[in-house]
Amino acid sequence: MFKYLIVVRPLGFLYASAGAFLSPENLVGRSGTKFPPDAAALSGLILRASYEQKLPNHKELKLNLTVAGAFWAKDDKPQDFYVPIPRSLIIGKENADEWEMLDGKWEKDCTKDVDADYKWQSIRYWDNPLDEIFKNRQNSKDKQKHILDSTAEPPWKFTSMLHPTLEKDQRHVRLPQDENDRGSLFLENAVQMDEDSCLVYLSTHRVEHGWYRFGGENHMVEITCQDLEQNILNLFNEPIKRSFALICPAVWGNNNLSVRYPQAFKAGEKPPQMLTDRPVTFRYRMGSNLGIGRYAVPSGTVYVLKHPLDEEHNTWWKFPNKWFPQSNEDKDFDKRPLPLKHLGCGLCLPITIKGVD
């Protein structure tokens, strides 16, 4: 079970990856921009710090470390972090709507034309009634600052920066070596976060407070660690019955095949009911090895099962490893990739859907 909240505070800009896969759209713009850094980035940081400090439990750490995220929070309320809103809820600035099950099919009020203006909601408001969440949102302008917003817009913006590469021994721009040299300038998709915000991850293990290089371009961040509050732990221990929503992308299946849901969710020949969106890329680098790219079911995806999950599988922690692609345990310990479940793959929480028992 997660025990700690890892808080990442940028010291300046962070870096936005141009996307996990090389594609034409990633070459010409920011359409494939990926931010915030996923759990693999923080997991690698923790393992690297443990290795450099020569901690005696490094092997145990690599076998058991589980990190999930990324989420974000206000700087003074990291325990009230924001997670992706389930796709069953549509929350706009002026109105709100929700999907419900009617005769085994998804239905919603067709007279309402609501755009989903918010993609993140406070973990404190998880599975609260839509009216309560929306009322809080509408009253936010009149509230005191110490009162938590139920939904919010992400606190970061993208900024393109043109960088020169300097000579190794002199502080001037590196000159092209020949006609095939592409020059010394490169474009960085930097990300600027609001000063009163931070990134938040869940972890089973501690990391020492300090300044670290974090993310693809190794920008400096301050990292602190605190115990998770009991009410958050209780939420992750709540049993899943028939409906739940992902708060992290999920790769289901095996090493050769990705599926939209574990086959255990399939009752007879009937698959689970889903509310989802286009798949997202899921890829990470461990040391010098870049993992095989996968497509993942995105965060916010809602599943409604035919029957409640058995007690032995009714929380994310109880999901068996065989539902996820497996680690290559036949490889040497230091060359073995981390199991995807240890990177928070498919982390989910139970939700209430109208029309579902």
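Procedures and definitions
Residues numbered from 1 in each chain as written. Predicted model: local features only at pLDDT ≥ 70, side-chain atom pairs only at ≥ 80, totals over all residues. Heavy atoms only, no water. Helix = DSSP H or I, 4+ residues; strand = E, 2+ residues; numbered from the N terminus. Buried < 20%, exposed > 50% of the residue type's maximum accessible area, 1.4 Å probe, protein only. Contact = heavy atoms within 4.5 Å. Areas by Shrake-Rupley, 256 points an atom, 1.4 Å probe, with all protein chains shown as cover. Pairing = 2+ DSSP bridges. Polar contact = N/O pair within 3.5 Å; in protein donor to acceptor, adjacent residues only side chain to side chain. Core = buried A, V, L, I, M, F, W, Y, C linked by side-chain atoms within 4.5 Å. Phe/Tyr/Trp six-rings, centres within 6.5 Å; stacked < 30°, edge-to-face > 60°. Lys NZ or Arg CZ within 6 Å of the ring centre and 35° of its normal. pLDDT = per-residue confidence, 0-100. Axes fitted to C-alpha atoms, helices over the stretch in contact; angles between N-to-C directions. Arc of directions from axis to C-beta. Expected span 1.5 Å × (residues − 1).

Undergrad: Just give me the short version of the overall build of the protein, but keep the residues and values in it.
TA: A count of helical and extended segments in the protein gives 5 helices and 25 strands. Counting every position in the protein, which comprises 357 residues, the buried fraction comes to 46%. Considering only intrachain contacts with a sequence separation of at least 6, the fraction spanning at least 24 residues in the protein is 74%. Approximately 19700 Å² of the protein is accessible, and the part contributed by carbon and sulfur atoms is 48%.

Undergrad: With reference to specific residues and values, describe unusual backbone geometry.
TA: For the peptide bond that leads from Gly69 to Ala70, omega is 10 degrees, which places it in the cis range. Along the polypeptide, Ala70 turns up in strand 3 (residues 67–74). Residues other than glycine seldom take positive phi values, yet Asp103 does so here, at roughly 55 degrees. In this structure, Asp127 takes a positive phi of about 65 degrees despite not being glycine. Along the polypeptide, Asp127 turns up in the loop between strand 9 (120–122) and helix 4 (130–138).

Undergrad: Would you mind going over the pairing of strand 3 in detail, with residue names and values included?
TA: By the criterion of burial, strand 3 is predominantly enclosed, with 7 of the 8 residues buried. Both strand 3 and strand 13 (residues 197–203) contribute to a ladder of 6 bridges, which runs antiparallel. Directly across from Ala68, in strand 13, lies its bridge partner Leu202.

Undergrad: Talk me through the side chain of His342; I want residue IDs and the actual numbers.
TA: In this fold, His342 is placed in the loop between strand 24 (302–304) and strand 25 (348–350). There is a polar contact of 3.5 Å between the side chain of His342 and the backbone oxygen of Leu65. Ignoring any residue separated from it by four or fewer positions in sequence, one finds His342 in contact with Leu63, Asn64, Leu65, Thr66 and Val67.

Undergrad: Give a detailed account of the nonpolar core, specifying residues and quantitative values.
TA: Core analysis: the biggest nonpolar cluster contains 97 residues, and Phe81, Leu202, Tyr303 and Leu347 have the highest contact counts within it. With 7 residues, helix 2 (residues 39–52) is the largest single contributor of residues to this core. Excluding its chain neighbours within four sequence positions, the residues that come into contact with Tyr303 are Arg242, Ser243, Phe244, Leu246, Trp252, Arg260, Tyr261, Phe265, Pro272, Gln273, Met274 and Val297.

Undergrad: With reference to specific residues and values, describe the packing of aromatic side chains.
TA: One pass over the full model with this rule turns up 21 aromatic pairs. With 6.3 Å between their ring centres and 65 degrees between their planes, Trp72 and Trp120 make a pair best called edge-to-face. Of this pair, Trp72 sits in strand 3 while Trp120 sits in strand 9, and the two are 48 residues apart along the sequence. A residue is classified by how much of its surface remains accessible, and Trp72, at 1% relative accessible area, is buried. A connected cluster of aromatic rings, assembled from ring pairs, spans Phe244, Trp252, Phe265, Tyr303, Phe319, Trp323 and Phe324. Taking the ring centre of Trp99 as reference, the NZ or CZ of Lys108 above it sits at 5.5 Å. Over the ring of Trp316 we find Lys341; its NZ or CZ atom is 5.2 Å from the centre of that ring.

Undergrad: Just give me the short version of the confidence of the model for the protein, but keep the residues and values in it.
TA: For the protein, mean pLDDT is 86; residues scoring 70 or higher make up 87% of the total. Predicted confidence in the protein is weakest over helix 1 (residues 24–28), with a mean pLDDT of 52, and strongest over strand 16 (residues 243–246), with 98.

Undergrad: Can you lay out the sheet that holds strand 25 for me, pointing to particular residues and giving the numbers?
TA: The strands that make up a sheet are held in pairs by hydrogen bonds between backbone atoms, and each pair lies either parallel or antiparallel. A sheet is described by the order of its strands in space; here 4 strands give the open sequence 19-24-16-25, paired in antiparallel fashion. Every interior strand has two partners, whereas the edge strands, strand 19 (273–275) and strand 25, have only one. For this sheet the average axis-to-axis angle between neighbouring strands, irrespective of direction, equals 20 degrees. Relative to strand 24, strand 16 runs antiparallel, the two being bridged by 3 bridges.

Undergrad: How would you summarise helix 4 if you had to cite specific residues and measurements?
TA: For helix 4, the set of buried residues is Leu130, Ile133, Phe134, Asn136 and Arg137. Along the long axis of helix 4, the arc covered by the buried residues comes to 160 degrees, so they all point the same way. Facing away from the buried side of helix 4 by over 90 degrees, the exposed positions are Asp131 and Lys135. Elements in contact with the buried residues of helix 4: strand 5 (89–91), strand 6 (96–98), strand 9 and strand 10 (151–152).

Undergrad: Pulling in residues and values, what's your account of helix 2?
TA: Spanning 14 residues, helix 2 covers 20 Å between terminal C-alpha atoms, matching the ideal 20 Å at 1.5 Å per step. Residues of helix 2 that are buried: Ala39, Ala40, Leu42, Ser43, Leu45, Ile46, Leu47, Ala49 and Ser50. Residues of helix 2 that are buried in the fold lie against strand 1 (4–10), helix 3 (58–64), strand 3, strand 13, strand 14 (210–214) and strand 15 (219–227). Lys54 occupies a position one or two residues after helix 2 and carries a positive phi of about 55 degrees.

Undergrad: How would you explain the environment of Ile292 if you had to name every residue and give the values?
TA: Of note, Ile292 is situated in the loop between strand 22 (289–290) and strand 23 (294–296). Sequence separation between Ile292 and Phe282 is 10 residues, and the spatial gap between their C-alpha atoms is 8.8 Å. Those residues in contact with Ile292 that sit more than four places away from it in its chain are Phe282 and Arg283.

Undergrad: Before we move on, could you go through the sheet that holds strand 12 (residues 185–193) and cite the residues and values that matter?
TA: Across the sheet, 3 strands lie side by side as 2-12-11; this open sheet has antiparallel pairing. The open sheet is flanked by strand 2 (14–15) and strand 11 (156–164), the only strands paired with a single partner.

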